[in-house]
Amino acid sequence: MKKFGILFFLLFALLSCSHKNETDYKDLFEQRVLLDAFTTPTPNPQADCVSSMDSAASCLVLTQSQAEAFKRHCNPTYPSLLNTEIVSLNSQIASETDPVKKESLQEQLRIQQANLDLYNRFVSKFPSQLAAYCYKVAGASDTEALCSSVLAAKSFEKFSEEAKACTMKCQGQYFAKQLSSSSCASTDFFQFLLSAERPTTECLLDCFKLTNIEIDFQLLK
């Protein structure tokens, strides 16, 4: 009987300890949640966007070939002019009988097609940064209005505030890093944007994981 009494006492003590540990864990978890809530800054996508666009524009205006880039990317008729030139070259190639002249026309066509492909690639990858750059060069920079328009776009309608802020930081951090290291002026404009693609995409992937949202593959093409 004495043995049963000791066994009962030990079982009671074990259950009490287990319950206390569970209670302590719950209390600790709740405290951690509250601490995170108070210490994590409230996301501010608008401010992050303005900072991101300012960094991109300030860096891009320092790059080499930026004068040529301005003619291309800040001219709304540039893609249609390229398309017109491509159509004209194709027509000339089709009617040209001289092999030397034909080869010269084909080389011109390859260059213009490459220019159009590069234009479309940059516009799809860095539309906001290029817009900010164009505004800055033209002396009419208004990143507040630009960011309001960007964040209100359909591509962001399913994003949480955290996801929007994270995305904006991703799109500007590469430019900010290059700006702080004085690397912008030593790089060609077009090569600079090509170099920005990979780190920006990697950051966006991490951002989507952290904010638990579905990946918009349009941002990663």
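Preceding block: the structure.
Given the structure is predicted, the values throughout are model-derived calculations rather than measurements.

Engineer: Before we go on, may I ask you to explain the state of the cysteines in this structure?
Structural biologist: Cysteine pairs can be covalently joined through their sulfur atoms, and such a bond is termed a disulfide. Summed over all chains, the structure comprises 4 disulfides. The side chain of Cys49 participates in a disulfide bridge whose partner is Cys147; the two sulfur atoms lie 2.1 Å from each other. With the S-S dihedral at roughly -85°, the linkage between Cys49 and Cys147 falls on the left-handed side. Highlighted residues: Cys49 in helix H2 (residues 45-60) and Cys147 in helix H7 (residues 143-151), separated in sequence by 98 residues. Taken as a pair, Cys49 and Cys147 share a single burial class, namely buried. Across a sulfur-sulfur distance of 1.9 Å, Cys59 and Cys184 are joined as a disulfide pair. Residues Cys59 and Cys184 are joined by a disulfide whose S-S torsion is about -105°; by sign, that bridge is left-handed. Of this pair, Cys59 sits in helix H2 while Cys184 sits in the loop between helix H8 (161-180) and helix H9 (189-211), and the two are 125 residues apart along the sequence.

Engineer: Sorry, what's going on with the packing of H2 against H7 here?
Structural biologist: Two numbers describe a pair of packed helices, the interaxial angle and the distance between the axes. Where H2 meets H7, the closest approach of the two axes is 9 Å, and the angle between their N-to-C directions is 120°. Classed by the angle they form, the pair H2 and H7 counts as oblique. When you trace H2 past H7, the crossing you get is right-handed. Residues Pro45, Gln46, Cys49, Val50, Met53 and Asp54 of H2 pack against Thr143, Glu144, Leu146, Cys147, Ser148 and Leu151 of H7. Within the contact of H2 with H7, the residues separate by chemical class into 7 nonpolar, 3 polar and 2 charged.

Engineer: Would you take a moment to explain the nonpolar core for this structure?
Structural biologist: Here is a general trend for soluble globular proteins: nonpolar side chains tend to be buried in one another's company. With 19 residues, the main nonpolar core has Cys49, Met53 and Met168 as its most contacted residues. At the level of secondary structure, the elements contributing two or more residues to this core comprise H2, H7, H8 and H9. Not counting chain neighbours up to four residues away, the residues in contact with Met168 comprise Pro45, Asp48, Cys49, Ser52, Val150, Leu151 and Phe156. Core analysis: the next-biggest nonpolar cluster, separate from the first, contains 17 residues, Ala56, Leu60, Phe122 and Phe189 among them.

Conventions used here
The residue numbers shown here count from 1 along each chain, following its written sequence. Only residues with pLDDT of at least 70 are given local features in this predicted model, and only at 80 or more are side-chain atom pairs given and counted; all residues enter the totals for whole chains, interfaces and linings. Computation of side-chain values covers all heavy atoms of the structure but excludes hydrogens and water. When two cysteine sulfur atoms lie within 2.5 Å, the pair is treated as a disulfide. Comment: elements are numbered from the N terminus, with helices defined as DSSP H or I runs of at least four residues and strands as E runs of at least two. Using a 1.4 Å probe on the protein chains alone, a residue whose accessible area is under 20% of its type maximum counts as buried, one over 50% counts as exposed, and one in between counts as partly exposed. Axis lines are fitted through C-alpha atoms, for helices just across the contact stretch, and the angle between N-to-C directions can take any value from 0 to 180 degrees. Convention used here: angles under 35 degrees read as roughly parallel, angles over 145 as roughly antiparallel, angles from 65 to 115 as roughly perpendicular, and any remaining angle as oblique. Should the near helix be turned anticlockwise from the far one by less than a right angle, the crossing is termed left-handed; should it be turned clockwise, right-handed. Any two residues whose heavy atoms approach within 4.5 Å are treated as being in contact. By the convention adopted, Pro, Cys, Tyr, Trp, Phe, Met, Ile, Leu, Val and Ala count as nonpolar, Lys, Arg, Asp and Glu as charged, and the other residues, Gly among them, as polar. Residue types Ala, Val, Leu, Ile, Met, Phe, Trp, Tyr and Cys, when buried and joined through side-chain atoms within 4.5 Å, form a set referred to as a nonpolar core.

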